[in-house]
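Observations on the model geometry
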Amino acid sequence: WAWLVLAANCFVWPHIAYRIARGSPDPYRAELHNLMCDSACGGAWVAAIGFNIVPSAVLVAMLAMDKAAVGGLRFLARCLIAQVGYAAVMAFITGLPLHLHSGVVAVLASLPLLLAYPVTVGYTAYRLARRVRQQNDVLAALSHMDGLTRLPNRTHWEQAVASEFARCRRIGHSSAVVMMDIDHFKSVNDQHGHQAGDAALRAVAAILRDTLRLSDLPGRYGGEEFGVVLPGIDIAGASAIAERIRKRSPRITTTARGSRAPTARSTRRRPRGATARWDTISARPRPESFARVSLTPIDADARLADSSSAIFPGEETMSLKERRRFVAGMGALFAGGLLSTAARAAMGPEDKFDLVVKGGELLDPSQNLRGKRDIGMRFGRIEAVEADIPAARALRVLDASGRLVLPGLIDIHSHVYPYGSAIGIPADELVQFQGTTTMVSAGDAGANNFAAFRRYIQAQTRTRLYAFVHIANIGLSGFPEPELYHLGFAHPEECGKTVAENADIAIGVKVRMSENVINQAGIEGGGARVMCHIGGVATPALMGEILNTLRQGDILTHCYSGFPNLAGRFTNIVQDGKLMPEALASKKRGVIFDIGHGGGSFDFTVAEAAMQQGAAPDTISSDIHVFSGNSPGMPYLTWVMSKFMALGFTLEQVVRMATVVPAGLINRLPKLGTLQVGAPADCSVVEIVQGPVEFVDTRNNKRSGKSYIKPVQSVLAGVPFGRPYHAPFSVK
Ligand SMILES: [Zn+2]
């Protein structure tokens, strides 16, 4: 019968304990109690086997390990006391038979527990720690969020207002703050109940999110009041945006039950198939809602002075309900964590993801993940990556079935300064051609025109933009004239200052070494990362010199350029089919080899020879600009990636070179270039189109491939980007 009891202890009791803990109003307490029972039983078994030394020691040690892990030393002490007590009782019942000596059989029988248990406990502890880290990410997001509308709450929003005012005063440009409220909100609440009121608030929040530019910051000021910070805009621009919000708002209709109803132009129109009473709406549809837009210029200093008392009002940052849900989530985490995995992220049962990318095959080299997964996005972050997220848990579903879902693609060499540099192209308009969610301007702006890049381009662009600052103070505005023909344009000090003053977006210095420029000038980058452009360098000796100057972490772009110099000779990293020893040395030193295909900088023969002789690429980039985009090589990022598949790289390798590797070089935003939980909610949905395909380089060499990557759709910060088009398109 002892075996029966033992079997029951091992196989039945854990399930009972799990049930008890789950069913208890206080799962954590209940589980501690269960663990104490465990210890007591352990004590009884030790006595039952006559204190046989090896198995007893193993049993006591293993039981002590998880107690200390769960409840700390004090809890461990209590468990030990229970253990000793039960051992004494059992010893008394069985008449204290002693079998201290452990035979070989007893030792062998103890081994599986000794080996397996610590690994299990260690692994669960690791999973728990990981889960807690994820919860902390969510908590950080929640703590400045209004639970109902998911807009920044008042405290957070007012901090944003304060810092924008400070920025205005420092830079001397104008920004606007729009305050708005819903008219007759009280009557909506009175006539249709608070659920209709809540739905109305959520609907307004959705309008704000949809209508504003990416750099604008809406917030819930309290009650039915909202505020929006509009950086870098004057009063005319602000009233245009406010007017747009006002025009969109009367269209909203919501059902009284708080669920999302289709928006309709006319409140009288019934949705097809709807049986519910449609006249319960009117939550926000009154034409007089936001009826007036009136704007008054305010003096930032005066405004700051009299609102200073209101800046930190000490309001609740989470609603009571939200907090309860969160606490419940944490309780379940601790109780469930060690026994199973059950704990969900801090989502209540009725919470929904803002967007679920559903049915796609994920390919994320950063975590060696490839398989069918759904991605749940909320608050602009990835909150869940699971085999199946039911559509019911999503406010909006993006169907990716039959497609491949990649981390948002990153293009580390592009020219995305339209109107400002001579070759720039708008980053957002490239989304449908190359699926990018992050792009890096490769030296379009220098010290003189970087401020304009920041204010008029980076701040207005939905694509995440970073930049290398050109060492020439005019950037590429003189193109096609090589900006460094006149070395007077090179201002390393000003350039360094610009990088330092824009540390959030400026990731290094761009130097263009072409033709005969910089014979003796050398490369100046100070401490910053240097991106060095090569192609058409005057002599092989100078090329060797340039390569020798690059340090670990610097980027050699156009690394497989086959561009001839002014004399028509080829002075690339491959000379007469041989990789230059300086190139191999720099590769070994940790210089990043970047493609930067462009209109004249990628040669299959150079690439093949270099790769064969040990200089494989690190990052794939387009060098897309208004000229290269029209060249036969079609250097769109996904097309360049496809060329490398034709050269023998796997899909996973080319994705790695356009996501996690460039993200590491940018190194500004945590978890860029990955689909991990907690990462910014960016992804690129693509299709692999089976060939045959013919690829052309910039010297009319042709290679054939079996397939190519076709961008379908991107998601940026949890919002679909590219297609479906946003309406009105111009505002985003
Ligand atoms: Zn370029």
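Counting restarts for each chain: residues are numbered from 1 in the order of the written sequence. Given that this is a predicted model, residues contribute local features only at a pLDDT of at least 70 and side-chain atom pairs are listed and counted only at 80 or more, while totals for whole chains, interfaces and linings are drawn from all residues. Only hydrogens and water are removed before side-chain values are computed, so all heavy atoms of the structure are retained for them.

1. Re the layout of surface pockets
Considering only enclosed or pocket space, the second largest pocket measures out at about 1,400 Å³ in volume. Only protein atoms enter the calculation, which uses a 1 Å grid: trapped sets of points that fit a 1.4 Å probe without letting it out are cavities, open sets showing protein on both sides within 12 Å along at least five of seven lines are pockets, and any residue with an atom within 4 Å of a point is a lining residue. Cys10, Leu59, Leu63, Leu113 and Tyr117 are the residues nearest the centre of the second largest pocket, which is lined by 37 residues in total. A run of H or I in DSSP counts as a helix once it spans at least four residues, and a run of E counts as a strand once it spans at least two, with each numbered from the N terminus. Mapped onto the lining of the second largest pocket, the elements with two or more residues apiece are helix H1 (2-23), helix H2 (27-48), helix H3 (53-94), helix H4 (104-143) and helix H10 (320-339). The biggest single contributor to the lining of the second largest pocket is H1, with 10 residues. Partitioning the lining of the second largest pocket into residue classes produces 26 nonpolar, eight polar and three charged. Grid points are joined across faces, edges and corners, and a volume is the space filled by probe spheres set on the points. Polarity classes work like this: nonpolar for Ala, Val, Leu, Ile, Met, Phe, Trp, Tyr, Cys and Pro, charged for Asp, Glu, Lys and Arg, and polar for all others, with Gly in that last group.

2. Quick look at empty space enclosed by the protein
This structure, assessed with the given rule, holds four cavities of 30 Å³ or more. Its residues assigned to classes, the lining of the largest cavity comprises three nonpolar, four polar and two charged. Looking at the second largest cavity, its volume works out to about 40 Å³. Looking at the second largest cavity, the residues that line it are Gln134, Asp137, Val138, Arg381, Ile382, Glu383, Val677 and Gly678. Among the elements of the structure, H4 and strand S8 (381-386) are those that each provide at least two residues to the lining of the second largest cavity.

3. Considerations on the coordination of the zinc ion
Any N, O or S atom lying within 2.8 Å of the metal counts as a donor, with the limit raised to 3.2 Å for Na, K and Ca; because water is left out of the atom set, some sites can appear incomplete. Coordination of the zinc ion by the protein comes from His413 (NE2), His415 (NE2) and Asp623 (OD), over a distance range of 2.0 to 2.3 Å. Counting along the primary sequence, the residues that act as donors to the zinc ion give the motif H-x1-H-x207-D. Only protein chains enter the accessibility calculation, which uses a 1.4 Å probe. A residue is then buried if its area is under 20% of the maximum for its type, exposed if over 50%, and partly exposed in between. The class for His415 is buried, based on a relative accessible area of 4%.

4. Focus: the pairing of strand S13 (residues 464-470)
The buried fraction of S13 amounts to seven of the seven residues, a majority that puts the element mostly inside the structure. In this sheet, S13 lies alongside strand S12 (residues 436-446) in parallel orientation, the contact comprising six bridges. Residue pairing in the sheet places Val440 in a bridge with Tyr466 of S13. In terms of handedness, the path from S12 via helix H12 (residues 450-457) over to S13 forms a crossover that is right-handed. Relative to strand S14 (residues 506-512), S13 is paired through four bridges, and the arrangement is parallel. Bridged to Val469 within S14 is Val509. Note on handedness: a clockwise path from strand one over the helix to strand two, with the strands aimed away from the viewer, defines a right-handed crossover. The handedness of the S13 to S14 crossover, carried by helix H13 (residues 492-501), is right-handed. If DSSP finds at least two bridges between two strands, the strands pair.

5. Concerning the sheet that holds strand S16 (residues 555-557)
Each strand in a sheet pairs with its neighbour through backbone hydrogen bonds, running either in the same direction (parallel) or in the opposite one (antiparallel). Reading across from one edge, S11-S12-S13-S14-S15-S16-S19 is the order of the seven strands in this open sheet, with parallel pairing throughout. The sheet is open, and its two borders are formed by strand S11 (409-414) and strand S19 (592-593), each paired with just one other strand. Across four bridges, the pairing between S14 and strand S15 (residues 530-533) is parallel. Note on S15: the bridge partner recorded for Arg512 is His533. Docked against the sheet, H12 engages S12, S13 and S14, running at close to 170 degrees with respect to S13. We call two residues in contact whenever any of their non-hydrogen atoms come within 4.5 Å of each other. Each axis is a line fitted through C-alpha atoms, taken for helices only over the stretch in contact, and angles between the N-to-C directions span 0 to 180 degrees.

6. Section: the pairing of strand S7 (residues 374-378)
Of all five residues in S7, five are buried, a share of seventy percent or more. Pairing geometry for strand S4 (residues 355-358) and S7, over three bridges, is antiparallel. Bridging from a neighbouring strand, Val356 pairs with Gly376 of S7. With antiparallel pairing between neighbouring strands as the criterion, S7 and S8 make up a hairpin whose turn holds two residues, including Phe379 at a positive phi of roughly 55 degrees.

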